[in-house]
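Letter by letter, the chains look like this.
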Amino acid sequence: MAEETTNSSAGRKPIRVWVDGCFDMMHFGHANALRQARAMGDYLIVGVHSDEEVEKNKGPCVMKEDERYAAVAACKWADEIVKNAPYVTTLEILDKYNIDFVVHGDDITTAADGTDCYQLVKDAGRYKECKRTVGISTTELVGRMLLLTRDHHIRGSRTVKSPIQGVDETAVANFSLGSMPAGALTGIAHYLSTSKKIIQFSSGREPKPGDKVVYVDGAFDMFHTGHIEFFKKARELGDYLLVGVHDDQTVNAVKGGNFPVMNLQERVLGVLQCRYVDEVIIGAPYSVTKDVLEDVYHVDVVVHGASDQPLDIDGRDPYELPKELGIYREVDHPRLDLTTTTIIERIIENRHVYIERQARKAKKALAEAEAEQREKEVKAALHL
C-alpha cells in the first residue's frame, strides 16, 4: 500500500477519502470509481462489506469476502482497505479513520429497509459524487454468464446457447429463463473505451536502464485474485511487468463457448488497474513471437502458470520460442482453485438466486429511468 503523502503545499493536512462497497467481481468500473475518488484527495481508504452484510442487504455475492478484499487491495488507487465495513456508512466509521469525505457514484444505494446508505454523511456535508462508468456492472457480467451470450465480444453480434467449456453441461441444459422479462438479465452493454480512458488507467512508467522486463500473457477474463497472485509472483522475477492480453477472437477460438465473458477493451482496463502491472500489449499474439520479445521492450523473462499448458490453434506450444532462448519460467500461486470457469460455475449453480436478484435490479432500473424521463418532461413543459 502507498504511504500517506500530500501533493499540495507544505503544511496542509492530507485529504483522506473514503469509498465503500461490495466490489463483487471487482471490475474496471469499480476501479474507475476508486481512481476518481483518489484524485479528489491524497489518501484513499476503501471499505469492503463482509459476505454477511451484503447478503442481508443485497443478496449473495459471487466472490467470497476474502477474494473481494484481495481484489480491492490490488487496485493501484487503493491506499488502504478496511474489511467488514458497515453497509450503511456512518459518521463513526469516518471519524475512526480520520476521513474528510465519502465518494460514491451517481446512483442511489439502499439498505435492506430501503433507506439511503449515505444519508447520514450527506446530511453532515461529508459526501461527494463521482461519475459512474456506463456499460459495465456486476449485474451486467452476471447476466452475460446466465444468458451464455457472445454479444459483448468486439465485432461479435450473435447470441449463442452453447455450453461453456469446463462448465457442467447438464446445469446449462437445465437452465431456463422461465418468465423472466426481456432485458431483465442484461442489456448486453457494449463498453467502448477511449484513448483517454486507457491513459487514465496506464501507469506511464517506462523500464529504467538495467531493469529486468518480465512478460506474461493470457485472456485475463473476469479479472480475479488468481490473476492477481500470478502477476505478483511474475513481478517478483524482475523489475517491470509487461502483460499481453489476447483479443476476443483468439480467446474464443482457443476456449470456445462464450469466452471471453469480457471483451478486449474491458479486460485491458481490468489488467491496467492492477498495482503489479506496468504496461499492456493490447491484442497480443497467442504464441510468443520475436516481435513480442524485442519490439516493445527487450523481454528478459517470459512467465506462465505451471498448471496451465494450453496449445495454440495449430497445436503448437505457444512458448516454444522463449523455451528455446532459455528465458521461459513457470510459477505457481496459492489461488489455483480460482479460475474464470469456477466463477461461472458459481453463478450457474446458484442461477435461481441470481435471476431473482437480476429481476429486482432491472425493475429498480426501469423505475429510475421512468422517473428521470418524467422529470425531463416536466422541465421541458415548464420552459414552453
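The structure displayed is predicted, hence computed values, not measured ones.

What counts and what doesn't
- Residues numbered from 1 in each chain as written.
- Predicted model: local features only at pLDDT ≥ 70, side-chain atom pairs only at ≥ 80, totals over all residues.
- Heavy atoms only, no water.
- Pairing = 2+ DSSP bridges.
- Helix = DSSP H or I, 4+ residues; strand = E, 2+ residues; numbered from the N terminus.
- Axes fitted to C-alpha atoms, helices over the stretch in contact; angles between N-to-C directions.
- Contact = heavy atoms within 4.5 Å.

Caption draft 1: The sheet that holds strand β6 (residues 213-218), seen in detail. Taken together, five strands build an open sheet; the order of strands is β8-β7-β6-β9-β10 and the sheet is parallel. The sheet is open, and its two borders are formed by β8 (279-282) and β10 (328-331), each paired with just one other strand. Here the average twist between neighbouring strands, direction ignored, is 30 degrees. Looking at chain direction, β6 and strand β7 (residues 240-245) are connected through six bridges and run parallel. Residue pairing across strands places V214 opposite L241, the latter belonging to β7. Docked against the sheet, helix α9 (residues 225-235) engages β6, β7, β9 (301-305) and β10, running at close to 135 degrees with respect to β7.

Caption draft 2: Spatial organisation of the sheet that holds strand β1 (residues 16-21). If you walk across this open sheet you meet the five strands as β3-β2-β1-β4-β5, and the pairing is parallel. Both outer strands of the open sheet, β3 (80-83) and β5 (127-130), are each paired with one neighbouring strand and no more. Adjacent strand axes in the sheet meet at a mean angle of 30 degrees when their direction is disregarded. In this structure, β1 lies alongside strand β4 (residues 101-105), joined through two bridges in parallel fashion. Opposite W18, over in β4, you have V102 as the bridge partner. The sheet contacts of helix α1 (residues 28-39) involve β1, β2 (43-48), β4 and β5, and relative to β2 the element is tilted by about 140 degrees.

The quantities given are spatial measurements derived from coordinates; they are silent on function.
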